[in-house]
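Here is how the chains run, residue by residue.
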Amino acid sequence: FLARLGFPGLTRTGEVSGDVAGSSDLQGRAVGVVRGWTLFWDPMMFIPADARGVFEDSIWSAQVDRVLAELSCTNRIYSFLTEGTSSTHGFSWYAGGNRRRMRLWQEGEIVLEDGLPLPEEGSVVVEDWDEEGRLFMLLEALTGIAMNEVLEQTHEVYA
């Protein structure tokens, strides 16, 4: 899985809580499972060393986007990124072998969008919530996983 996403040769180095897995303090990449959904965390946002193809027509590199679409032939995939310093937030939803929806916003402005809005998106538009909060609400709406479940789950770290 890690090699297909463009990260070959990583080895297991330990375990962290879900809170650490989703933080910029993570040293490496973390993988965990909650309610049958695989969670994969990378503080470097899966950006490849050459950084080409990122944010052109996807929130991910071309390789990561392609692999997520392939994996969605037999699974549904919700992927998101949130970066507070630049106020950049986005998500992609894959199903049936295709990216069905993608949205990226920065400083509150939509900078990249593809696909029809998901019905679940309407349930997460709350005036008082910031973009990051909406991503976590959408995680729950699409997968049934509450953020507190993610934070409590142990994740394996690979570096």
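Values in this document were obtained by computation on a predicted structure and should not be read as measured data. (Residues numbered from 1 in each chain as written. Predicted model: local features only at pLDDT ≥ 70, side-chain atom pairs only at ≥ 80, totals over all residues. Heavy atoms only, no water.)

Q: What am I meant to see in the environment of Asp130 here?
A: Following the sequence through the fold, Asp130 ends up in the loop between β7 (109-114) and α3 (131-143). Remark: the alpha-carbon pair of Asp130 and Ser79, spanning 51 residues in sequence, is separated by 18 Å. Engagement of the side chain of Asp130 in a polar contact is seen with the backbone nitrogen of Gly133, the distance being 2.6 Å. (Helix = DSSP H or I, 4+ residues; strand = E, 2+ residues; numbered from the N terminus. Polar contact = N/O pair within 3.5 Å; in protein donor to acceptor, adjacent residues only side chain to side chain.)

Q: Sorry if this is basic, but what is going on with the sheet that holds strand β4 (residues 77-83) here?
A: Pairing between the strands of a sheet is mediated by backbone hydrogen bonds and can be parallel or antiparallel. Here we have four strands laid out as an open sheet, ordered β4-β5-β6-β7, and antiparallel in their pairing. Unpaired on one side and paired on the other, β4 and β7 mark the two borders of the sheet. Strand-to-strand twist in this sheet, taken as the mean axis angle between neighbours without regard to direction, amounts to 5°. By the bridge criterion, five bridges tie strand β6 (residues 98-106) to β7 in an arrangement that is antiparallel. (Pairing = 2+ DSSP bridges. Axes fitted to C-alpha atoms, helices over the stretch in contact; angles between N-to-C directions.)

Q: Would you take a moment to explain the pattern of salt bridges for this structure?
A: Should their charged atoms come close, side chains of opposite charge can pair. Per the stated rule, a full pass over the model turns up 12 salt bridges. With a closest N to O distance of 3.3 Å, Asp65 and Arg99 form a salt bridge. With a gap of 34 residues between them, Asp65 in helix α2 (residues 62-71) and Arg99 in strand β6 connect regions that are remote in the sequence. On the basis of relative accessible area, Asp65 is assigned to the buried category, the value being 16%. Two residues, Glu113 and Arg103, come together in a salt bridge whose shortest N-O distance is 3.6 Å. Taken together, the residues Glu113 in strand β7 and Arg103 in strand β6 connect sequence positions 10 residues apart. (Salt bridge = Lys/Arg side-chain N within 4 Å of Asp/Glu carboxyl O. Buried < 20%, exposed > 50% of the residue type's maximum accessible area, 1.4 Å probe, protein only.)

Q: I would appreciate a short explanation of the pairing of β4 in the present structure.
A: Here is the key point about a regular strand: its side chains alternate between the two faces of the sheet. The buried fraction of β4 is high, at five of seven residues. The pairing of β4 with strand β5 (residues 88-95) spans seven bridges and is antiparallel. Looking across to β5, one finds that Ser79 is bridged to Ser92. Counting the residues that bridge the hairpin from β4 to β5 gives four residues, and of these Ser87 lies at a positive phi of roughly 55°.

Q: Just checking my understanding: could you explain the pairing of β5 for this structure?
A: By the criterion of burial, β5 is predominantly enclosed, with eight of the eight residues buried. Burial along β5 is two-sided: Thr88, Gly90, Ser92 and Tyr94 and His89, Phe91, Trp93 and Ala95, pointing in opposite directions, are all buried. As paired strands, β5 and β6 are joined by eight bridges and run antiparallel to one another. For Trp93, the partnering residue across the bridge sits in β6 and is Arg101. Connecting the antiparallel pair β5 and β6 is a turn made up of two residues, with Gly96 showing a positive phi of about 60°.

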